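Analysis of the macromolecular model
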Amino acid sequence: MHFRNFDYIFGSLIACVADHKIFSQPEIRGRFEALFRTFDKDVTFHYFKSFKRIRLNFSNPLSAAEVKIRLHKTEFLGKEIKLYFAQRLHIGRTHLAPPDPDKQFLISPPTSPPVGWEQADDARPAINYDLLYAISKLGPGAQYELHAATETTPSVVVHVCESNEDIESEETRKVVKRPKPKIIKTRRPDYSPTYQS
């Protein structure tokens, strides 16, 4: 298990600003940058509007430390500026490691399976002769109780349905075919365009 390791970059500061005008108005941005250029003329600024943050990169760590001491929690345009040292975050290794070898065959497209891996054969189906015998005794239109009711459980009863081929008339012994149901199409509603002029 890898733990987070914060590594401070002492030559960079992160400024948290509450006023969003600094990201859209160049004159306010110029006044903001002038505050920090008095400490280091080579300072660079990176604006992150969606995070309301500005990263300031100083030419040396002493300038960044002095700015942090003097300008942290000071006011700019009536709002407080908060300054923090930038951090470099490492979680475990700096590069991604490949997945464990026993999980690599799950990747699409699959790599070679792990050494010693063999395909498992499907189990042979179990034939329940009692169930087959019970099914063979079922006839159309009859009811069969599979499970008797108890005080806590209901009974399970199977009703065997009749099909079209099983319906025969007694006299003629001919198969009676039921007419196919007719699909009635839905009528399109009357449409009268209305023009507005």
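Everything here concerns the structure above.
The text that follows walks through the structure, step by step, so that each part is easy to find. In this text the structure is predicted, and so the values were computed from the model without any measurement.

Some details on the packing of aromatic side chains
On inspection of all chains with the given rule, the structure shows 6 aromatic pairs. Taken together, Phe 23, Phe 32, Phe 36, Phe 45, Tyr 47 and Phe 76 form an aromatic cluster joined through their ring pairs. The ring of Tyr 47 carries the charged tip of Arg 29 above its face, separated from the ring centre by 4.2 Å.

Digging into the pairing of strand β6 (residues 143–147)
Counting buried positions along β6 yields 0 of 5 residues, so the element is predominantly exposed. Taken together, the 4 bridges between β6 and strand β7 (residues 156–159) define a ladder with antiparallel strand orientation. Paired with His 147 across the strands is Val 156, a residue of β7.

Comments concerning the layout of surface pockets
As a volume, the largest pocket reaches approximately 170 Å³. Forming the walls of the largest pocket are Leu 131, Ala 134, Ile 135, Lys 137, Leu 138, Tyr 144, Glu 145, Leu 146 and Val 158. For the lining of the largest pocket, the secondary structure elements donating two or more residues are α3 (129–136) and β6. Considering only residue class, the lining of the largest pocket consists of 7 nonpolar, no polar and 2 charged.

So, the side chain of Asn 57
Within the secondary structure, Asn 57 sits in strand β3 (residues 53–57). A polar contact is formed between the side chain of Asn 57 and the side chain of Arg 55, at a distance of 2.9 Å. With sequence-adjacent residues up to four places away left out, Asn 57 is seen in contact with Gly 11, Ser 12, Asp 42, Val 43, Thr 44 and His 46.

With respect to the pattern of salt bridges
What the rule picks out here adds up to 2 salt bridges. Two residues, Glu 33 and Arg 37, come together in a salt bridge whose shortest N-O distance is 3.4 Å. Placement of both Glu 33 and Arg 37 in helix α1 (residues 26–37) is noted, with a separation of 4 residues, approximately one turn of the helix. In this structure Glu 33 comes out as buried when scored by relative accessible area, which is 16%. The closest approach of N and O atoms between Arg 70 and Glu 66, which form a salt bridge, is 3.4 Å. With Arg 70 and Glu 66 both in helix α2 (residues 61–71) and 4 residues apart, this pair spans about one turn of that helix. Its relative accessible area of 55% is what places Arg 70 among the exposed residues.

Conventions used here
Residues numbered from 1 in each chain as written. Predicted model: local features only at pLDDT ≥ 70, side-chain atom pairs only at ≥ 80, totals over all residues. Heavy atoms only, no water. Phe/Tyr/Trp six-rings, centres within 6.5 Å; stacked < 30°, edge-to-face > 60°. Lys NZ or Arg CZ within 6 Å of the ring centre and 35° of its normal. Buried < 20%, exposed > 50% of the residue type's maximum accessible area, 1.4 Å probe, protein only. Helix = DSSP H or I, 4+ residues; strand = E, 2+ residues; numbered from the N terminus. Pairing = 2+ DSSP bridges. 1 Å grid on protein atoms, 1.4 Å probe; cavity = no way out; pocket = protein on both sides within 12 Å on 5 of 7 lines; lining within 4 Å. Points joined across faces, edges and corners; volume = space filled by probe spheres on them. Nonpolar A, V, L, I, M, F, W, Y, C, P; charged D, E, K, R; others polar. Polar contact = N/O pair within 3.5 Å; in protein donor to acceptor, adjacent residues only side chain to side chain. Contact = heavy atoms within 4.5 Å. Salt bridge = Lys/Arg side-chain N within 4 Å of Asp/Glu carboxyl O.

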